[in-house]
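Survey of secondary and tertiary structure
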Amino acid sequence: MGIWISIIILVGILLNFIFSVREGKDERWKHIISRPLNYAFSLLFMGYTGGNLISVYYNFDLVTYKMYYDYLFAGVLVVYIVLLLIERRKLS
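We now turn to the structure provided with this report. (Residues numbered from 1 in each chain as written. Predicted model: local features only at pLDDT ≥ 70, side-chain atom pairs only at ≥ 80, totals over all residues. Heavy atoms only, no water.)

A word on the packing of aromatic side chains. Summed over all chains, the structure comprises five aromatic pairs. Note on tyrosine 48 and tyrosine 69: the rings are 6.0 Å apart at their centroids and 40° apart in plane angle, and the pair reads as tilted. One end of the pair, tyrosine 48, is in helix H2 (residues 27–57); the other, tyrosine 69, is in helix H3 (residues 62–90), and 21 residues separate them in sequence. Take tyrosine 48: its relative accessible area is 45%, and that puts it in the partly exposed class. Ring-pair connections join several aromatic residues into one group, and the members of that group are Tyr48, Tyr68 and Tyr69. (Phe/Tyr/Trp six-rings, centres within 6.5 Å; stacked < 30°, edge-to-face > 60°. Helix = DSSP H or I, 4+ residues; strand = E, 2+ residues; numbered from the N terminus. Buried < 20%, exposed > 50% of the residue type's maximum accessible area, 1.4 Å probe, protein only.)

Another aspect to go through is the nonpolar core. Residues Trp29, Ile33, Leu72, Val76, Tyr80 and Leu84 are the most contacted members of the largest nonpolar core, which totals 13 residues. Contributions of two or more residues to this core are made by H2 and H3. With seven residues, H3 is the largest single contributor of residues to this core. Not counting the four nearest positions on each side in its chain, leucine 84 is found in contact with Asn16, Phe19, Trp29, Ile32, Ile33 and Pro36. (Core = buried A, V, L, I, M, F, W, Y, C linked by side-chain atoms within 4.5 Å. Contact = heavy atoms within 4.5 Å.)

These values are about where atoms sit, not about what they do.
See below:
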């Protein structure tokens, strides 16, 4: 399962790079990217805080922590790319 999450993260980063190179650095691109980034970082901070709060009550081993953060980063990246595609289509 860990290799699939790594592939999802790699594909998400490559899609972000392709979109940023293709769209350029004009005002439209700044408007497209602002909302998905706000949502993605908010989800990332909520997930990190939630993980810390859960770890207060339950003692997890290292493998569980790694799995939790792998899913957290992959999920946030997928949400970011989906919102980026929606925002791009909406403003095209």
